[in-house]
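Given next are the chains, with one letter for each unit.
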Amino acid sequence: MNKPLRRIAIFCGLLVLALLIRDNWIQYVQADELRTDKNNRRVIIERYASPRGNIIVGGQPITGSTETSGSDFKFKRTYKDGAMWAPVTGYASQAFGATQLESIEDGILTGNDDQLFFRNTLDMLTGKKQEGGNVVTTLNGAAQKAAYNGLKRQGGKGAVVALEPSTGKILALASYPSYDPSSFAGNSTTTDTKAWTKLQKKNNPDDPMLNRALRETYPPGSTFKVLTAAAALEDGLYSEPDQKTNTPLPWIMPGTTTPLKNEGNIPCKNATLRVALQYSCNTVFGKIGADLGNDKMLDMAKKFGFDEEHFTPVRANASVFSDDMNDSQTALSSIGQFNTAATPLQMAMVASAVANDGKLMKPYMVDELQSSGLDPIEKTDPEELSQPLSPENAQKLQSMMETVVEEGTGRNAKIPGVTVGGKTGTAQHGENNSENPYAWFISYAKDSDDSAPVAVAVVIEDDKAVRDDISGGGLAAPIARNVMEAVINSKK
């Protein structure tokens, strides 16, 4: 072969080699990335080529699929009581993607998860069409209904979270106002796009697509005093609920000439922890925070789950208790004001840990993943997060919270024949407390065997809220009571 032909042959050989390398790179190295690329329309077409598996509550599906026409997407998602369950399910939309459980467990629901490989292989060999698996939740349908309907009746914005203290199972997760994911599950430029646009915050100040139970942080107000009382007991600053505290009236915040005020004429001078929680004395718990100092209060807040995100598996924002505060700022933070902010999930975790004799369990909402044949693929085991309180101190705090319900500001949470502990709260917000406060209530209920099947946190943003702790008892406590009753009744 002459020299020019040899050069051409070598050049052509190099081109073929380059093509082979590129082809193998795409097929074996980039294949998965390209297959799952959000801009790959085939991925979306495949996702809706067959009915999705279902999200299950109490043995019943709260989702479904319906066949469509006039589109290359064969099926679209449907929801039962969509607005009630949206904070749990999220949405799966042909036009706008997926969120929350619909997104996190998409592989199971579409049948494409690697855990379904053997099942899919068997189906392929038998000629059966691939089907999606199911996501079995921990939710209690009756509790969710009580939570959502309570918020809806109230008419303002708000959220409810209910937990099973012994396991961390999420029993209710409600947010209001909400949205129906069915309204934009398709890809119609008229109906679906119009519904989506209407729900966006810039067009709807109520922001119905915000998951207030997990993604909104509020000043927790006086409900945080439960955590401050826990810190006082664990540190040994005060050892008994009925021990008098060293709290003058007025009490001047350290480094200032400003007295910390209580709401109304209540018996807070040198009050015991029990009386201070019963009447919600700012002076007692503010001084406890200042006496313990920022480091000890921060340590206790972290033990309860503050300052870290939680995955249920849906992500919950981190609640906040600041470091580097002076004694005066620590005092305000210790009564749930200043920079302190918490999600409803976080405050349900506080009540849950107290009810569970001081042990905090990791909150979760997926109990089991199943194949299309209902075979279990993965089961969630309860997991301990921390032990913020000793069992002895937790029981002391329980007795204090039970006094709040029996004789204090939480009377609206009473359930006949059931022991209930709770704490009300009204959190100020806005510059110079110019905006309407948030009404809070956290609680738990005990069975006759002294076990606690449920702990609840409720927060209400409402124009009707007034600036005292009774508003938490008036607006939020009845909702908590109904949720607790629903859980208790469902176990009978």
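Residues numbered from 1 in each chain as written. Predicted model: local features only at pLDDT ≥ 70, side-chain atom pairs only at ≥ 80, totals over all residues. Heavy atoms only, no water.

Any chance you could explain the overall build of the chain here in plain terms?
Counting its regular elements, the chain contains 18 helices and 18 strands. Residue burial in the chain is summarised as follows: out of 492 residues, 52% are buried. Intrachain contacts of the chain at a sequence separation of at least 6 include 68% that bridge at least 24 residues. Looking at the chain as shown, the accessible area adds up to about 21,800 Å², and 50% of this sits on carbon and sulfur atoms. (Helix = DSSP H or I, 4+ residues; strand = E, 2+ residues; numbered from the N terminus. Buried < 20%, exposed > 50% of the residue type's maximum accessible area, 1.4 Å probe, protein only. Contact = heavy atoms within 4.5 Å. Areas by Shrake-Rupley, 256 points an atom, 1.4 Å probe, with all protein chains shown as cover.)

What is the right way to read the packing of helix α11 (residues 225-235) against helix α14 (residues 294-303) from this model?
Here α11 crosses α14 at 110 degrees, and the two axes come no closer than 10 Å. Classified by the angle between their axes, α11 and α14 sit roughly perpendicular to one another. Judged by the twist between their axes, the crossing of α11 over α14 is right-handed. Here L227, T228, A230, A231, E234 and D235 of α11 come into contact with α14, specifically with K296, M297, M300 and A301. Residues belonging to the contact of α11 with α14 are distributed by class as follows: six nonpolar, one polar and three charged. (Axes fitted to C-alpha atoms, helices over the stretch in contact; angles between N-to-C directions. Parallel < 35°, antiparallel > 145°, perpendicular 65-115°, else oblique. Left-handed = near helix turned anticlockwise from the far one by under 90°. Nonpolar A, V, L, I, M, F, W, Y, C, P; charged D, E, K, R; others polar.)

What am I meant to see in the nonpolar core here?
In globular proteins that are soluble, nonpolar side chains generally tend to be buried together. Formed by 117 residues in total, the largest nonpolar core has its most connected members in M365 and L397. Per-element accounting of this core gives the leading share, 10 residues, to helix α18 (residues 469-490). In contact with L397, not counting residues within four places along its chain, are V226, A229, A230, L233, L277, V354 and L389. Among the nonpolar cores identified, the runner-up in size contains 11 residues, and A86, Y91, F184 and L199 belong to it. (Core = buried A, V, L, I, M, F, W, Y, C linked by side-chain atoms within 4.5 Å.)

Where do I start with unusual backbone geometry in this structure?
Of all residues except glycine, most have a negative phi; of all peptide bonds, most are trans. A cis amide bond links L249 with the next residue in sequence, P250, at an omega value of 5 degrees. Within the fold, P250 resides in the loop between α11 and α12 (273-279). Cis rather than trans, the peptide bond between T312 and P313 has omega equal to 15 degrees. Mapped onto the elements, P313 comes out in the loop between β10 (310-311) and β11 (315-316). With a phi angle near 60 degrees, D324 is a residue other than glycine that sits in the positive phi range. If you trace the backbone, D324 turns up in the loop between β11 and α15 (327-333). Taking the relative accessible area as the measure of exposure, D324 reaches 75% and is therefore exposed.

Can you help me understand helix α13 (residues 282-292) in this one?
In an α-helix, one full turn covers 3.6 residues, which means residues spaced three or four apart are oriented alike. Burial analysis of α13 places 10 of its 11 residues in the buried class, the great majority of the element. Along its buried surface, α13 packs onto α11, α12, α14 and α15. Positive phi shows up at G293, right after α13, with a value of about 90 degrees.

Sorry if this is basic, but what is going on with the state of the cysteines here?
One way to say it: the disulfide is the covalent bond shared by the sulfur atoms of two cysteines. Summed over the entire model, instances satisfying the criterion amount to one disulfide. There is a disulfide in this structure between C268 and C281, and the S-S distance comes to 2.1 Å. One disulfide, between C268 and C281, carries an S-S torsion of -85 degrees and so falls in the left-handed class. Taken together, the residues C268 in the loop between α11 and α12 and C281 in the loop between α12 and α13 connect sequence positions 13 residues apart. In this structure C268 comes out as buried when scored by relative accessible area, which is 1%. (Disulfide = S-S within 2.5 Å.)

Please explain the environment of L260 as it appears in this structure.
Relative to the helices and strands, L260 resides in the loop between α11 and α12. Look at L260 and you get buried, because its relative accessible area is 9%. For the pair formed by L260 and L249, sequence separation is 11 residues and the distance between their alpha carbons is 9.2 Å. If we ignore the near neighbours within four places in the chain, the residues touching L260 are W251, M253, N282, T283, G286, L332 and I335.

Teacher, can you tell me more about empty space enclosed by the protein here?
One simple way to see leftover space: roll a probe sized like a water molecule over the atoms. Scanning the model with the defined rule gives one cavity of 30 Å³ or more in all. As for the largest cavity, its lining consists of A86, P87, Q100, S175, P177, S178, Y179, P208, M209, L210 and N211. The residue inventory of the lining of the largest cavity, partitioned by class, reads seven nonpolar, four polar and no charged. (1 Å grid on protein atoms, 1.4 Å probe; cavity = no way out; pocket = protein on both sides within 12 Å on 5 of 7 lines; lining within 4 Å. Points joined across faces, edges and corners; volume = space filled by probe spheres on them.)

What am I meant to see in the sheet that holds strand β7 (residues 134-137) here?
Each strand in a sheet pairs with another by means of backbone hydrogen bonds, the pair being arranged parallel or else antiparallel. Strand order in the open sheet formed by five strands is β2-β1-β7-β13-β14, with mixed pairing between adjacent strands. The sheet is open, and its two edges are formed by β2 (60-61) and β14 (376-379), each paired on a single side. (Pairing = 2+ DSSP bridges.)

So what exactly am I meant to see when it comes to the pattern of salt bridges here?
Per the counting criterion, the structure on display carries 15 salt bridges. Among the ionic pairs, D367 bridges to K379, the shortest N-O distance being 2.8 Å. Here D367, found in strand β13 (residues 366-370), pairs with K379, found in strand β14; they are 12 residues apart in sequence, far enough to count as distant. Taking relative accessible area as the criterion, D367 reaches 13% and is therefore assigned buried. Here the salt bridges share partners, and the residues they tie into one network are R52, R77, E102 and D106. (Salt bridge = Lys/Arg side-chain N within 4 Å of Asp/Glu carboxyl O.)

I tried to follow the pairing of β13 on my own but got confused; where do I start?
Remark: a regular strand shows side chains that alternate across the two faces of the sheet. Of all five residues making up β13, five are buried, and the element is well covered by its neighbours. Both β7 and β13 contribute to a ladder of four bridges, which runs antiparallel. Each residue of the ladder has a partner; that of N134, found in β13, is Q370. Between β13 and β14, which pair antiparallel and follow one another directly, the connecting turn spans five residues, one of which, L374, has a positive phi of 70 degrees.

I tried to follow the environment of A452 on my own but got confused; where do I start?
Among the structural elements, A452 can be located in the loop between β17 (435-446) and β18 (454-461). Linking A452 and V354, residues 98 residues apart in sequence, is a C-alpha distance of 9.9 Å. Setting aside residues no more than four positions away along its own chain, A452 makes contact with P165, A355, A445 and K446.

It is not clear to me how α14 should be interpreted in this structure. Could you clarify?
Along α14, the residues that are buried comprise N294, M297, L298, M300 and A301. All buried residues of α14 project into a common sector of 160 degrees when viewed along the axis, lining one side. In this fold, the buried residues of α14 make contact with α11, α13 and α15. Of the residues trailing α14, G305 is marked for its positive phi of about 115 degrees. (Arc of directions from axis to C-beta.)

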